[in-house]
Amino acid sequence: MRTVGGAITAALQRVLGYPVELAIAGRTDKGVHARGQVISFDVRDDTDLVALSRSINKLVAPEIVLRDLSSAAEDFHARFSATARRYRYRVLNRETPDPFLAATTWHVAEPLPLDFRAMQAACDPLIGSHDFSSFCRRPEPDAELTRRVIDARWERDGDDVLSFWIEANAFCHQMVRSVVGLLVEVGRGRRTAADVGVVLRAVDRAAAPSPAPPQGLCLWEVRYSDGPTG
């Protein structure tokens, strides 16, 4: 299966002529998008980064594009140096689908409209440090799933599109999609805003509904101590 990391690694090794190991800021599930993904890798000191960027983009575009390639501190690591990550999830809430948005939104046809105010209120219990076991696929039985959510909110992105923004110090597997799945249940009137806190405290994956589909999710930016990227 072709992956973004695999495609970039293959292109780098083809252009540079030696093995390269990528560090990636955030893992994304199949079907999830990334606008502000960050990678890091080692190259020889005499490498022309402008020429390298152009060569890589010729090999991997248009599905993948290196937007910027620059030198970093010797100890920089795309994943472990990150201080926070920000995701966006988009919902198309109208009766008729849109073929131009099908690859980047979750089409929710009923009800019309979703209860935006309730979905916004349901974000409040997410803020702060919590054990997100109810929202994450646990990689190992004793895995630590406490995460600190800095921001969580909905915005109207046009008449029919709702955008959910969430920023945290880190995310666990399927966390954002599972949160969105629950918040949309609130918008449908099947759950209440207060249920979000109940689900969090349950620390049980069975307490939350199925994850929202992957295509609506996008890794928007990664933050570092010297500022965000993306």
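Everything below is about the structure shown above.
Conventions we followed
- Residues numbered from 1 in each chain as written.
- Predicted model: local features only at pLDDT ≥ 70, side-chain atom pairs only at ≥ 80, totals over all residues.
- Heavy atoms only, no water.
- Disulfide = S-S within 2.5 Å.
- Helix = DSSP H or I, 4+ residues; strand = E, 2+ residues; numbered from the N terminus.
- Buried < 20%, exposed > 50% of the residue type's maximum accessible area, 1.4 Å probe, protein only.
- Expected span 1.5 Å × (residues − 1).
- Arc of directions from axis to C-beta.
- Contact = heavy atoms within 4.5 Å.
- Core = buried A, V, L, I, M, F, W, Y, C linked by side-chain atoms within 4.5 Å.
- Polar contact = N/O pair within 3.5 Å; in protein donor to acceptor, adjacent residues only side chain to side chain.
- Patch = residues over 30% accessible without salt bridge, like charges linked within 9 Å, V, L, I, M, F, W, Y side chains within 5 Å.
- Areas by Shrake-Rupley, 256 points an atom, 1.4 Å probe, with all protein chains shown as cover.
- Salt bridge = Lys/Arg side-chain N within 4 Å of Asp/Glu carboxyl O.
- Lys, Arg positive; Asp, Glu negative; His and termini not counted.
- Charge placed at Lys NZ, Arg CZ, Asp CG, Glu CD.
- Pairing = 2+ DSSP bridges.

Asker: An account of the state of the cysteines is requested, with residue identities and associated values reported.
Answerer: Going through the model one piece at a time under the given rule, you end up with 1 disulfide. Cys136 shares a disulfide with Cys172; S-S distance 1.8 Å. Taken as a pair, Cys136 in the loop between β6 (128–131) and β7 (146–156) and Cys172 in the loop between β8 (161–168) and α4 (175–187) lie far apart in primary sequence, 36 residues in all. Judged on exposure class, the residue Cys136 and its partner Cys172 are both buried.

Asker: Mind laying out helix α2 (residues 49–60), listing which residues take part and the relevant values?
Answerer: Compared with the 16 Å implied by 1.5 Å per residue over 12 residues, the 16 Å span of α2 between its first and last C-alpha is a close match. Buried within α2 are the following residues: Leu52, Ser53, Ile56, Asn57 and Val60. Angular distribution of buried residues about the axis of α2 spans 130°; they occupy a single face of the element. Opposite its buried face, α2 presents the exposed residues Val50, Arg54 and Lys58, each directed more than 90 degrees away. In the core, the buried residues of α2 are packed alongside α1 (4–16).

Asker: Tell me about the nonpolar core, residues and numbers included.
Answerer: Considering soluble globular proteins, one finds that nonpolar side chains tend to be buried as a cluster. Formed by 48 residues in total, the largest nonpolar core has its most connected members in Leu126, Phe132, Trp154, Phe164, Val180, Leu183 and Val184. If one sorts the elements of this core by residue count, α4 sits on top with 8 residues. Every residue in contact with Leu183, bar those within four places of it in the chain, is listed here: Met119, Ala122, Cys123, Leu126, Trp154, Phe164 and Val196. Listed in part, the 14 residues of the second largest apolar core include Ala11, Leu16, Val20 and Leu66.

Asker: Break down the environment of Arg153 for me, with residues and values.
Answerer: Looking at the element boundaries, Arg153 is found in strand β7. Each C-alpha atom, one on Arg153 and one on Trp220, is 14 Å from the other, the two residues being 67 residues apart in sequence. What Arg153 contacts, discounting residues up to four positions off in sequence, is Arg86, Gln120, Cys123, Ser163, Phe164 and Trp165. In terms of polar contacts, Arg153 uses its side chain to reach the side chain of Asp151, at 2.8 Å.

Asker: Now, about unusual backbone geometry: what can you tell me, with residues and values included?
Answerer: At the junction of Ala61 and Pro62, the peptide bond is cis and its omega measures out at 5° in the coordinates. Along the chain, the position of Pro62 falls in the loop between α2 and β4 (84–92). Note the cis peptide between Leu112 and Pro113, where omega equals -10°. Along the chain, Pro113 falls in the loop between β5 (106–107) and α3 (116–121). Located in the positive-phi region is Gln174, a residue other than glycine, with phi close to 70°.

Asker: Break down a negative patch on the surface for me, with residues and values.
Answerer: On the surface, Glu21, Asp42, Asp45, Asp46, Glu74 and Asp75 cluster together to form a negatively charged patch. With respect to the secondary-structure elements, Asp46 resides in the loop between β3 (39–40) and α2. The exposed category is assigned to Asp46, whose relative accessible area is 69%.

Asker: Tell me about the pairing of β4, and name the residues and values.
Answerer: Across the 9 residues that make up β4, a large majority, 9, are buried. Where burial is concerned, the two faces of β4 agree: the one with Ala84, Arg86, Arg88, Arg90 and Leu92 and the one with Arg85, Tyr87, Tyr89 and Val91 are both buried. When β4 meets strand β9 (residues 217–224), the two strands line up antiparallel, connected through 6 bridges. In the strand pairing of β9, Arg85 is matched with Val222. Inspection of the sheet shows β4 paired to β8 by 8 bridges, in the antiparallel sense. Note on β8: the bridge partner recorded for Tyr89 is Phe164. With 2 bridges connecting them, β4 and β5 associate as parallel partners. Within β5, the residue paired with Val91 across the bridge is Trp106.

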